[in-house]
Amino acid sequence: MAHFPKPSEGSWTEHFEIDTQPVSYADSISPEFYERERDAIFRRTWLNVGRVEQLPRKGSYFTKELDAARASVIVVRGTDGEVRAFHNVCRHRGNKLVWDDYPREETKGTCRAFTCKYHAWRYDLEGKLSFVQQESEFFDLDKSRYGLLPVHTEVWEGFIFVNLDPDNTRTLKDYLGRFGAGIEGYPFHKLTQVHKYRAEIGSNWKLFIDAFAEFYHAPILHSGQYVAEEAAKVKKYGYEALSYDIDGPHSMVSSWGGIAPPKERAMVKPVERALRSGLFGAWEAPDIGLATEELPPAVNPTRSKVWGMDSFVFFPNFMLLIWRPNWVLTYHYWPTSYNTHIFEGTAYFVPPENAFQRLQQELAVVSFKEYGLQDGNTLEATQTMLESRTLDSFPLCDQEVLLRHLHSTARRFVDEYAK
Amino acid sequence: MANVFPAEFAALEPFADWAIHGERARYAKRIASTMEELQAFYDVAFPLLEKGTAYLEKVRLDGIGDEDTHLLWAFCSLITVAFPVESWGQPRVPDSGPSSIDAVVEPAV
(Lines give C-alpha, C1' and ligand atoms only; values in the text may rest on other atoms or scores of the structure.)
Protein backbone atom coordinates (compact mmCIF):
# COMPACT_ATOMS: atom_id res chain seq x y z
CA MET A 1 0.00 0.00 0.00
CA ALA A 2 1.32 3.41 -0.88
CA HIS A 3 1.69 5.78 2.03
CA PHE A 4 2.71 8.80 -0.01
CA PRO A 5 1.50 9.81 -3.47
CA LYS A 6 3.59 9.02 -6.55
CA PRO A 7 3.59 10.94 -9.84
CA SER A 8 0.78 10.30 -12.35
CA GLU A 9 3.03 7.98 -14.40
CA GLY A 10 2.71 5.50 -11.53
CA SER A 11 6.36 5.56 -10.46
CA TRP A 12 9.17 8.03 -9.84
CA THR A 13 11.45 6.15 -12.21
CA GLU A 14 9.05 6.46 -15.16
CA HIS A 15 8.23 10.04 -14.17
CA PHE A 16 11.91 10.96 -14.65
CA GLU A 17 11.97 8.95 -17.92
CA ILE A 18 14.62 6.59 -16.62
CA ASP A 19 14.34 3.06 -17.92
CA THR A 20 13.11 0.40 -15.54
CA GLN A 21 15.22 -2.50 -16.81
CA PRO A 22 17.73 -4.30 -14.59
CA VAL A 23 20.93 -2.28 -14.12
CA SER A 24 24.52 -3.20 -14.92
CA TYR A 25 27.19 -2.31 -12.38
CA ALA A 26 30.04 -2.64 -14.89
CA ASP A 27 30.78 1.04 -14.19
CA SER A 28 31.78 0.14 -10.62
CA ILE A 29 34.14 -2.78 -11.17
CA SER A 30 36.30 -1.68 -14.07
CA PRO A 31 39.73 -0.04 -13.68
CA GLU A 32 39.42 1.21 -17.25
CA PHE A 33 36.07 2.87 -16.63
CA TYR A 34 37.45 4.52 -13.50
CA GLU A 35 40.37 5.97 -15.48
CA ARG A 36 37.84 7.53 -17.84
CA GLU A 37 35.79 8.88 -14.91
CA ARG A 38 38.88 10.66 -13.59
CA ASP A 39 39.17 12.76 -16.72
CA ALA A 40 35.52 13.01 -17.67
CA ILE A 41 34.11 13.70 -14.20
CA PHE A 42 36.64 14.59 -11.53
CA ARG A 43 38.77 16.88 -13.69
CA ARG A 44 35.76 18.64 -15.19
CA THR A 45 33.08 19.24 -12.54
CA TRP A 46 32.82 21.52 -9.53
CA LEU A 47 34.08 19.66 -6.43
CA ASN A 48 33.33 20.80 -2.88
CA VAL A 49 36.58 20.87 -0.91
CA GLY A 50 35.50 22.54 2.33
CA ARG A 51 33.82 25.50 4.00
CA VAL A 52 34.82 29.11 4.53
CA GLU A 53 34.94 28.62 8.32
CA GLN A 54 38.06 26.48 7.72
CA LEU A 55 39.77 29.70 6.56
CA PRO A 56 39.00 32.07 9.44
CA ARG A 57 41.63 34.72 8.67
CA LYS A 58 44.05 36.05 6.07
CA GLY A 59 46.72 33.43 5.47
CA SER A 60 44.56 30.51 6.67
CA TYR A 61 44.97 27.57 4.31
CA PHE A 62 44.29 23.88 3.93
CA THR A 63 45.33 21.32 1.35
CA LYS A 64 43.00 18.85 -0.34
CA GLU A 65 44.14 15.65 -1.98
CA LEU A 66 42.10 14.99 -5.12
CA ASP A 67 43.53 11.66 -6.15
CA ALA A 68 40.70 10.98 -8.60
CA ALA A 69 41.57 14.20 -10.41
CA ARG A 70 45.32 13.50 -10.14
CA ALA A 71 45.72 16.72 -8.19
CA SER A 72 46.46 18.26 -4.83
CA VAL A 73 45.24 21.79 -4.20
CA ILE A 74 46.05 24.52 -1.69
CA VAL A 75 42.97 26.51 -0.64
CA VAL A 76 43.92 29.82 0.98
CA ARG A 77 42.42 33.11 2.13
CA GLY A 78 44.49 35.91 0.64
CA THR A 79 45.54 39.23 2.15
CA ASP A 80 42.51 40.70 0.36
CA GLY A 81 40.21 38.22 2.14
CA GLU A 82 39.42 36.32 -1.08
CA VAL A 83 39.40 32.50 -1.09
CA ARG A 84 41.59 31.05 -3.84
CA ALA A 85 42.92 27.63 -4.78
CA PHE A 86 46.18 26.67 -6.45
CA HIS A 87 47.74 23.47 -7.65
CA ASN A 88 50.00 22.30 -4.83
CA VAL A 89 53.08 22.16 -7.06
CA CYS A 90 56.26 24.24 -6.89
CA ARG A 91 57.07 25.78 -10.24
CA HIS A 92 60.79 25.06 -9.88
CA ARG A 93 61.13 21.27 -10.01
CA GLY A 94 57.57 20.10 -9.34
CA ASN A 95 57.87 19.29 -5.65
CA LYS A 96 54.65 19.23 -3.68
CA LEU A 97 54.67 22.68 -2.11
CA VAL A 98 52.63 22.32 1.11
CA TRP A 99 52.72 19.16 3.21
CA ASP A 100 53.83 17.99 6.65
CA ASP A 101 55.74 14.79 7.30
CA TYR A 102 53.68 12.66 4.91
CA PRO A 103 53.43 13.94 1.32
CA ARG A 104 50.07 12.22 0.74
CA GLU A 105 48.37 13.56 3.86
CA GLU A 106 46.32 16.73 3.99
CA THR A 107 47.41 19.61 6.19
CA LYS A 108 46.24 23.05 7.29
CA GLY A 109 47.53 26.13 9.03
CA THR A 110 48.13 29.83 8.77
CA CYS A 111 51.08 31.48 7.04
CA ARG A 112 52.23 34.65 5.32
CA ALA A 113 53.79 32.86 2.35
CA PHE A 114 54.29 29.32 1.03
CA THR A 115 57.92 28.21 1.00
CA CYS A 116 59.01 25.07 -0.82
CA LYS A 117 60.90 22.61 1.40
CA TYR A 118 63.25 21.75 -1.45
CA HIS A 119 64.96 25.01 -2.56
CA ALA A 120 62.99 27.65 -0.65
CA TRP A 121 61.13 29.13 -3.59
CA ARG A 122 58.47 31.30 -2.01
CA TYR A 123 54.95 32.26 -3.12
CA ASP A 124 52.68 34.88 -1.62
CA LEU A 125 49.08 34.19 -0.58
CA GLU A 126 47.86 35.26 -4.03
CA GLY A 127 50.16 32.68 -5.66
CA LYS A 128 52.79 35.10 -6.95
CA LEU A 129 56.39 33.86 -6.92
CA SER A 130 58.06 36.26 -4.49
CA PHE A 131 61.48 34.75 -3.81
CA VAL A 132 63.93 32.56 -5.67
CA GLN A 133 67.00 31.19 -3.87
CA GLN A 134 70.17 32.30 -5.72
CA GLU A 135 68.08 33.97 -8.35
CA SER A 136 71.14 35.18 -10.28
CA GLU A 137 72.08 31.56 -11.07
CA PHE A 138 69.01 31.21 -13.30
CA PHE A 139 68.73 32.08 -16.96
CA ASP A 140 66.51 35.07 -17.67
CA LEU A 141 64.01 33.91 -15.06
CA ASP A 142 60.89 36.08 -15.25
CA LYS A 143 59.35 35.56 -11.81
CA SER A 144 56.00 36.94 -12.97
CA ARG A 145 55.61 33.91 -15.23
CA TYR A 146 56.21 31.37 -12.46
CA GLY A 147 53.37 31.93 -10.01
CA LEU A 148 51.39 29.00 -8.65
CA LEU A 149 48.92 27.55 -11.15
CA PRO A 150 45.48 28.81 -10.17
CA VAL A 151 42.44 26.54 -9.94
CA HIS A 152 38.91 27.86 -10.57
CA THR A 153 37.43 28.52 -7.14
CA GLU A 154 33.95 29.68 -6.18
CA VAL A 155 31.97 29.77 -2.95
CA TRP A 156 28.28 28.85 -2.63
CA GLU A 157 26.58 29.43 0.74
CA GLY A 158 29.96 29.12 2.47
CA PHE A 159 30.88 25.87 0.67
CA ILE A 160 34.16 26.20 -1.25
CA PHE A 161 34.27 24.46 -4.64
CA VAL A 162 37.10 24.01 -7.14
CA ASN A 163 37.02 23.06 -10.80
CA LEU A 164 40.23 21.63 -12.24
CA ASP A 165 39.24 22.16 -15.86
CA PRO A 166 41.27 25.20 -16.97
CA ASP A 167 38.76 25.74 -19.80
CA ASN A 168 35.70 25.64 -17.56
CA THR A 169 33.35 28.57 -18.18
CA ARG A 170 30.31 27.37 -16.24
CA THR A 171 29.71 29.18 -12.97
CA LEU A 172 29.25 27.18 -9.79
CA LYS A 173 25.78 28.69 -9.28
CA ASP A 174 24.73 27.56 -12.73
CA TYR A 175 26.22 24.10 -12.16
CA LEU A 176 24.38 23.61 -8.86
CA GLY A 177 21.16 24.44 -10.68
CA ARG A 178 17.67 24.38 -9.24
CA PHE A 179 18.60 22.64 -5.98
CA GLY A 180 21.46 25.03 -5.28
CA ALA A 181 19.21 28.03 -5.91
CA GLY A 182 16.42 26.52 -3.82
CA ILE A 183 18.66 25.90 -0.79
CA GLU A 184 20.15 29.42 -0.78
CA GLY A 185 19.33 31.27 2.40
CA TYR A 186 19.65 28.25 4.67
CA PRO A 187 21.68 29.59 7.62
CA PHE A 188 24.70 27.29 7.23
CA HIS A 189 26.90 30.00 8.77
CA LYS A 190 25.13 29.50 12.11
CA LEU A 191 26.07 25.80 12.23
CA THR A 192 29.70 26.11 13.30
CA GLN A 193 30.00 23.19 15.73
CA VAL A 194 31.75 20.55 13.59
CA HIS A 195 32.27 16.81 13.99
CA LYS A 196 34.06 15.21 11.06
CA TYR A 197 34.55 11.49 10.41
CA ARG A 198 36.73 9.77 7.84
CA ALA A 199 36.85 6.18 6.60
CA GLU A 200 38.68 4.19 3.99
CA ILE A 201 36.07 2.16 2.16
CA GLY A 202 36.69 -0.93 0.03
CA SER A 203 34.23 -0.12 -2.71
CA ASN A 204 33.72 1.97 -5.79
CA TRP A 205 32.75 5.53 -4.83
CA LYS A 206 29.32 5.28 -6.47
CA LEU A 207 28.31 2.31 -4.33
CA PHE A 208 28.46 4.36 -1.13
CA ILE A 209 26.40 7.13 -2.71
CA ASP A 210 23.95 4.38 -3.67
CA ALA A 211 23.80 3.31 -0.02
CA PHE A 212 22.95 6.82 1.17
CA ALA A 213 20.66 7.73 -1.76
CA GLU A 214 18.10 5.07 -0.89
CA PHE A 215 16.48 4.21 2.44
CA TYR A 216 14.90 0.97 1.17
CA HIS A 217 17.71 -0.73 3.15
CA ALA A 218 17.18 1.14 6.41
CA PRO A 219 14.46 -1.04 8.03
CA ILE A 220 16.51 -4.17 7.27
CA LEU A 221 20.25 -3.46 7.55
CA HIS A 222 19.77 -1.16 10.51
CA SER A 223 16.94 -3.08 12.24
CA GLY A 224 19.16 -3.69 15.28
CA GLN A 225 19.21 0.04 15.92
CA TYR A 226 15.54 0.07 16.82
CA VAL A 227 13.88 -1.40 19.90
CA ALA A 228 12.53 -4.84 18.93
CA GLU A 229 8.86 -3.94 18.61
CA GLU A 230 9.68 -0.88 16.54
CA ALA A 231 12.02 -2.92 14.29
CA ALA A 232 9.17 -5.29 13.39
CA LYS A 233 6.90 -2.34 12.66
CA VAL A 234 9.34 -0.52 10.37
CA LYS A 235 10.15 -3.74 8.53
CA LYS A 236 6.47 -4.32 7.79
CA TYR A 237 6.03 -0.68 6.84
CA GLY A 238 9.10 -0.64 4.60
CA TYR A 239 10.33 2.66 3.26
CA GLU A 240 8.76 5.20 0.96
CA ALA A 241 10.14 8.65 0.29
CA LEU A 242 7.98 11.74 0.45
CA SER A 243 9.36 12.70 -2.93
CA TYR A 244 12.30 12.44 -5.31
CA ASP A 245 13.59 15.05 -7.68
CA ILE A 246 16.23 15.23 -10.39
CA ASP A 247 17.89 18.28 -11.91
CA GLY A 248 20.52 17.57 -14.55
CA PRO A 249 23.27 15.48 -12.92
CA HIS A 250 21.98 16.22 -9.40
CA SER A 251 19.20 14.55 -7.45
CA MET A 252 17.44 14.60 -4.09
CA VAL A 253 15.20 12.53 -1.86
CA SER A 254 12.90 13.99 0.76
CA SER A 255 12.13 11.74 3.72
CA TRP A 256 9.70 11.55 6.59
CA GLY A 257 10.64 10.53 10.09
CA GLY A 258 12.33 11.65 13.24
CA ILE A 259 9.27 13.50 14.46
CA ALA A 260 10.13 14.44 18.00
CA PRO A 261 9.29 13.71 20.63
CA PRO A 262 8.11 10.25 19.55
CA LYS A 263 4.45 9.41 20.22
CA GLU A 264 5.41 6.61 22.56
CA ARG A 265 8.57 6.84 24.60
CA ALA A 266 8.85 3.04 24.45
CA MET A 267 9.64 3.40 20.71
CA VAL A 268 13.09 4.73 21.41
CA LYS A 269 16.15 3.34 23.15
CA PRO A 270 16.88 4.32 26.77
CA VAL A 271 19.83 6.57 25.90
CA GLU A 272 17.69 8.39 23.34
CA ARG A 273 14.97 8.86 25.92
CA ALA A 274 17.44 10.17 28.51
CA LEU A 275 19.09 12.58 26.09
CA ARG A 276 15.99 13.49 24.06
CA SER A 277 18.01 12.94 20.90
CA GLY A 278 18.93 10.30 18.32
CA LEU A 279 19.99 9.80 14.72
CA PHE A 280 17.73 12.66 13.63
CA GLY A 281 19.27 15.02 16.20
CA ALA A 282 18.02 16.67 19.37
CA TRP A 283 14.25 16.56 19.83
CA GLU A 284 14.21 20.28 20.54
CA ALA A 285 15.61 22.06 17.50
CA PRO A 286 17.87 25.03 18.21
CA ASP A 287 16.88 28.44 16.88
CA ILE A 288 18.36 29.14 13.44
CA GLY A 289 16.18 32.16 12.74
CA LEU A 290 13.81 30.16 10.49
CA ALA A 291 10.86 27.97 11.45
CA THR A 292 10.53 24.62 9.61
CA GLU A 293 7.84 26.08 7.33
CA GLU A 294 10.09 29.07 6.53
CA LEU A 295 13.00 26.95 5.23
CA PRO A 296 14.12 27.70 1.65
CA PRO A 297 11.84 26.13 -1.00
CA ALA A 298 14.10 23.24 -2.04
CA VAL A 299 14.12 22.00 1.57
CA ASN A 300 11.06 19.88 2.42
CA PRO A 301 9.83 20.55 -1.14
CA THR A 302 6.43 18.92 -0.56
CA ARG A 303 5.98 21.00 2.61
CA SER A 304 5.01 17.77 4.36
CA LYS A 305 4.05 17.91 8.02
CA VAL A 306 5.89 14.60 8.64
CA TRP A 307 9.08 15.75 6.91
CA GLY A 308 12.28 14.55 8.61
CA MET A 309 15.24 15.21 6.33
CA ASP A 310 16.36 15.85 2.76
CA SER A 311 19.37 14.31 1.03
CA PHE A 312 20.77 16.22 -1.94
CA VAL A 313 23.26 14.46 -4.23
CA PHE A 314 25.36 17.10 -5.98
CA PHE A 315 27.18 15.27 -8.74
CA PRO A 316 29.68 13.83 -8.59
CA ASN A 317 30.56 13.29 -4.93
CA PHE A 318 28.98 15.80 -2.54
CA MET A 319 25.87 15.00 -0.52
CA LEU A 320 24.10 17.53 1.66
CA LEU A 321 21.62 16.31 4.28
CA ILE A 322 19.38 18.85 5.95
CA TRP A 323 17.63 17.52 9.06
CA ARG A 324 14.40 18.81 10.52
CA PRO A 325 15.95 19.57 13.95
CA ASN A 326 18.16 22.24 12.34
CA TRP A 327 21.43 20.52 11.66
CA VAL A 328 23.31 19.48 8.57
CA LEU A 329 25.42 16.51 7.53
CA THR A 330 27.65 16.41 4.47
CA TYR A 331 29.11 13.36 2.77
CA HIS A 332 32.08 13.33 0.41
CA TYR A 333 33.33 10.32 -1.53
CA TRP A 334 36.91 10.70 -2.78
CA PRO A 335 37.91 7.82 -5.09
CA THR A 336 41.41 6.42 -4.69
CA SER A 337 41.00 3.54 -7.20
CA TYR A 338 38.15 1.80 -9.02
CA ASN A 339 37.34 -0.19 -5.87
CA THR A 340 38.44 2.06 -3.00
CA HIS A 341 37.55 5.51 -1.80
CA ILE A 342 37.82 7.80 1.20
CA PHE A 343 34.53 8.71 2.79
CA GLU A 344 34.08 11.87 4.83
CA GLY A 345 31.01 12.59 6.93
CA THR A 346 30.80 16.00 8.56
CA ALA A 347 28.10 17.11 10.99
CA TYR A 348 27.34 20.80 11.51
CA PHE A 349 25.36 21.96 14.54
CA VAL A 350 24.44 25.21 16.20
CA PRO A 351 27.10 25.51 18.95
CA PRO A 352 25.66 23.94 22.12
CA GLU A 353 24.93 26.27 25.02
CA ASN A 354 25.45 23.71 27.73
CA ALA A 355 26.77 20.22 28.46
CA PHE A 356 23.37 18.58 27.92
CA GLN A 357 23.05 19.99 24.40
CA ARG A 358 26.62 18.89 23.70
CA LEU A 359 25.62 15.33 24.65
CA GLN A 360 22.49 15.49 22.48
CA GLN A 361 24.73 16.30 19.51
CA GLU A 362 27.21 13.58 20.47
CA LEU A 363 24.40 11.02 20.35
CA ALA A 364 23.40 12.16 16.85
CA VAL A 365 26.94 11.84 15.45
CA VAL A 366 27.71 8.58 17.23
CA SER A 367 24.43 7.16 15.86
CA PHE A 368 25.53 8.24 12.39
CA LYS A 369 28.84 6.43 12.93
CA GLU A 370 27.14 3.22 14.10
CA TYR A 371 24.92 3.24 10.99
CA GLY A 372 27.87 4.14 8.79
CA LEU A 373 29.93 1.22 10.08
CA GLN A 374 27.16 -1.15 9.03
CA ASP A 375 26.88 0.51 5.64
CA GLY A 376 30.64 0.60 5.05
CA ASN A 377 31.26 -3.08 5.57
CA THR A 378 28.24 -4.06 3.47
CA LEU A 379 29.81 -2.10 0.61
CA GLU A 380 32.95 -4.21 0.63
CA ALA A 381 30.75 -7.30 0.51
CA THR A 382 28.90 -5.85 -2.48
CA GLN A 383 32.07 -4.78 -4.28
CA THR A 384 33.74 -8.20 -4.05
CA MET A 385 30.68 -10.01 -5.39
CA LEU A 386 30.14 -7.51 -8.21
CA GLU A 387 33.79 -8.02 -9.15
CA SER A 388 33.24 -11.79 -9.23
CA ARG A 389 30.99 -11.10 -12.24
CA THR A 390 28.72 -13.94 -11.12
CA LEU A 391 25.81 -11.70 -12.05
CA ASP A 392 25.77 -8.81 -14.46
CA SER A 393 22.42 -7.11 -14.04
CA PHE A 394 20.35 -6.17 -11.05
CA PRO A 395 16.70 -5.19 -10.64
CA LEU A 396 16.32 -1.85 -8.85
CA CYS A 397 13.01 -0.75 -7.34
CA ASP A 398 11.32 2.62 -7.54
CA GLN A 399 12.79 3.67 -4.16
CA GLU A 400 16.22 3.22 -5.77
CA VAL A 401 15.56 5.67 -8.58
CA LEU A 402 18.45 7.95 -7.60
CA LEU A 403 20.88 5.04 -8.04
CA ARG A 404 19.79 4.52 -11.62
CA HIS A 405 20.19 8.26 -12.16
CA LEU A 406 23.67 8.41 -10.59
CA HIS A 407 25.08 5.51 -12.61
CA SER A 408 23.52 6.68 -15.87
CA THR A 409 24.87 10.20 -15.22
CA ALA A 410 28.41 8.85 -14.68
CA ARG A 411 28.15 6.83 -17.90
CA ARG A 412 26.82 9.86 -19.78
CA PHE A 413 29.75 12.06 -18.63
CA VAL A 414 32.22 9.38 -19.71
CA ASP A 415 30.52 8.87 -23.07
CA GLU A 416 30.29 12.58 -23.80
CA TYR A 417 33.92 13.16 -22.89
CA ALA A 418 35.00 10.40 -25.26
CA LYS A 419 33.33 12.17 -28.20
CA MET B 1 42.66 12.43 46.61
CA ALA B 2 40.81 14.98 44.52
CA ASN B 3 37.52 14.12 42.88
CA VAL B 4 37.54 13.42 39.16
CA PHE B 5 33.82 14.22 38.91
CA PRO B 6 31.52 16.74 40.64
CA ALA B 7 30.37 15.58 44.09
CA GLU B 8 26.82 14.82 42.83
CA PHE B 9 28.31 12.20 40.52
CA ALA B 10 30.66 10.57 43.05
CA ALA B 11 29.27 7.14 42.14
CA LEU B 12 31.14 7.47 38.84
CA GLU B 13 34.54 7.71 40.54
CA PRO B 14 35.37 3.96 40.07
CA PHE B 15 34.82 4.54 36.33
CA ALA B 16 37.08 7.57 36.03
CA ASP B 17 39.01 5.80 33.27
CA TRP B 18 35.97 6.39 31.02
CA ALA B 19 36.47 10.18 31.22
CA ILE B 20 38.27 10.12 27.91
CA HIS B 21 38.85 13.00 25.50
CA GLY B 22 37.98 12.18 21.90
CA GLU B 23 35.47 9.89 20.24
CA ARG B 24 38.19 7.80 18.66
CA ALA B 25 39.76 6.96 22.02
CA ARG B 26 36.36 6.32 23.60
CA TYR B 27 35.42 3.91 20.82
CA ALA B 28 38.81 2.17 21.13
CA LYS B 29 38.19 1.55 24.83
CA ARG B 30 34.70 0.26 24.06
CA ILE B 31 35.87 -2.37 21.57
CA ALA B 32 38.76 -3.36 23.87
CA SER B 33 36.29 -4.01 26.72
CA THR B 34 34.18 -7.07 27.54
CA MET B 35 30.40 -6.86 27.66
CA GLU B 36 30.61 -7.31 31.43
CA GLU B 37 32.83 -4.25 31.71
CA LEU B 38 30.58 -2.20 29.45
CA GLN B 39 27.47 -3.29 31.34
CA ALA B 40 29.05 -2.41 34.71
CA PHE B 41 29.85 1.11 33.53
CA TYR B 42 26.44 1.53 31.91
CA ASP B 43 24.57 0.34 34.99
CA VAL B 44 26.18 3.03 37.14
CA ALA B 45 26.39 5.85 34.59
CA PHE B 46 22.96 5.59 32.94
CA PRO B 47 20.86 6.37 36.04
CA LEU B 48 23.18 9.33 36.74
CA LEU B 49 22.59 10.64 33.23
CA GLU B 50 18.82 10.27 33.65
CA LYS B 51 18.91 12.18 36.91
CA GLY B 52 21.57 14.62 35.74
CA THR B 53 19.69 16.53 33.04
CA ALA B 54 19.06 19.64 35.13
CA TYR B 55 22.67 19.69 36.31
CA LEU B 56 24.06 19.27 32.80
CA GLU B 57 21.81 22.02 31.44
CA LYS B 58 23.41 24.44 33.89
CA VAL B 59 26.97 23.58 32.83
CA ARG B 60 28.04 26.23 30.31
CA LEU B 61 30.72 25.11 27.89
CA ASP B 62 32.52 28.45 27.98
CA GLY B 63 34.97 28.21 30.84
CA ILE B 64 33.84 24.71 31.84
CA GLY B 65 35.78 23.37 34.87
CA ASP B 66 37.84 20.19 35.03
CA GLU B 67 35.30 18.13 36.98
CA ASP B 68 32.47 19.04 34.62
CA THR B 69 34.70 18.35 31.64
CA HIS B 70 35.41 14.87 33.00
CA LEU B 71 31.69 14.34 33.56
CA LEU B 72 30.91 15.41 30.00
CA TRP B 73 33.52 13.02 28.60
CA ALA B 74 32.29 10.13 30.77
CA PHE B 75 28.76 10.68 29.47
CA CYS B 76 30.13 10.83 25.92
CA SER B 77 31.62 7.40 26.69
CA LEU B 78 28.23 6.28 27.99
CA ILE B 79 26.72 7.22 24.62
CA THR B 80 29.14 4.99 22.72
CA VAL B 81 28.74 2.22 25.32
CA ALA B 82 24.94 2.42 25.07
CA PHE B 83 25.04 0.90 21.58
CA PRO B 84 26.56 -2.45 22.64
CA VAL B 85 24.46 -2.56 25.80
CA GLU B 86 21.10 -1.46 24.39
CA SER B 87 21.33 -2.77 20.82
CA TRP B 88 24.17 -5.02 19.79
CA GLY B 89 24.90 -7.38 22.68
CA GLN B 90 28.57 -7.16 21.69
CA PRO B 91 31.20 -4.40 21.80
CA ARG B 92 31.56 -4.07 18.01
CA VAL B 93 28.85 -3.02 15.58
CA PRO B 94 27.57 -6.31 14.09
CA ASP B 95 28.83 -7.03 10.59
CA SER B 96 31.20 -4.09 10.75
CA GLY B 97 34.19 -6.44 10.39
CA PRO B 98 37.36 -4.57 9.55
CA SER B 99 35.65 -1.29 8.68
CA SER B 100 36.36 1.74 10.78
CA ILE B 101 35.16 5.32 10.78
CA ASP B 102 37.37 7.69 12.69
CA ALA B 103 36.64 11.12 14.11
CA VAL B 104 39.14 13.56 12.59
CA VAL B 105 37.60 16.87 13.71
CA GLU B 106 35.81 17.26 17.04
CA PRO B 107 34.79 20.10 19.36
CA ALA B 108 37.52 21.20 21.79
CA VAL B 109 35.35 20.06 24.72
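This section reports on the structure supplied with the text. (Residues numbered from 1 in each chain as written. Chains lettered and ligands numbered in written order. Predicted model: local features only at pLDDT ≥ 70, side-chain atom pairs only at ≥ 80, totals over all residues.)

1. Describing the sheet that holds strand β3 (residues 71–77) of chain A
Residue and element names in this part refer to chain A. Cut-off, in case you're wondering: DSSP calls a pair of strands paired once it identifies at least 2 bridges connecting them. Helix and strand assignments follow DSSP, with helices taken as H or I runs no shorter than four residues and strands as E runs no shorter than two, numbered in order from the N terminus. Angular values range over 0 to 180 degrees, each being the angle between N-to-C directions of two axes fitted as lines to C-alpha atoms, with helices fitted over their stretch in contact. The contact criterion used is a C-beta to C-beta distance within 7 Å, with each C-beta placed from the backbone.
Read across the open sheet, the 7 strands follow the order β1-β10-β9-β4-β3-β2-β5; overall the sheet is antiparallel. Single-partner strands in this sheet number two, and they are β1 (47–51) and β5 (108–110). Put simply, the sheet's adjacent strands are angled 30° from each other on average, direction ignored. With 6 bridges joining them, strand β2 (residues 60–66) and β3 adopt antiparallel strand pairing. Bridge pairing in β3 links F62 to V75. Sheet strands in contact with helix α3 (residues 172–183) are β9 (150–156) and β10 (159–163), and its direction is about 30° off that of β9.

2. Brief notes about helix α4 (residues 66–88) of chain B
Residue and element names in this part refer to chain B. Where we set the bar: One less than the number of residues in a helix, times 1.5 Å, gives the span that helix is expected to have. A residue's bend is the angle separating two fitted axes: one through the seven residues that end there, the other through the seven that start there.
Helix length check: α4 (23 residues) gives 32 Å between terminal C-alpha atoms against 33 Å at 1.5 Å per residue, within 8%. Approximately 35° is the largest bend angle found in α4, and it occurs at V81, with the proline P84 only one to four residues beyond. Immediately downstream of α4, the backbone of G89 shows phi near 70°, a positive value.

3. Section: the sheet that holds strand β11 (residues 193–201) of chain A
Strand order in this open sheet of 8 strands is β12(A)-β13(A)-β14(A)-β15(A)-β16(A)-β17(A)-β11(A)-β1(B), and the pairing throughout is antiparallel. Only two strands of the sheet have a single partner each, and these edge strands are β12 (243–247) of chain A together with β1 (102–105) of chain B. For this sheet, the mean angle separating the axes of adjacent strands, direction not counted, is 20°. Here β12(A) pairs with strand β13 (residues 250–256) of chain A via 5 bridges, running antiparallel. Of the residues in β13(A), the one forming a bridge with D245(A) is M252(A).

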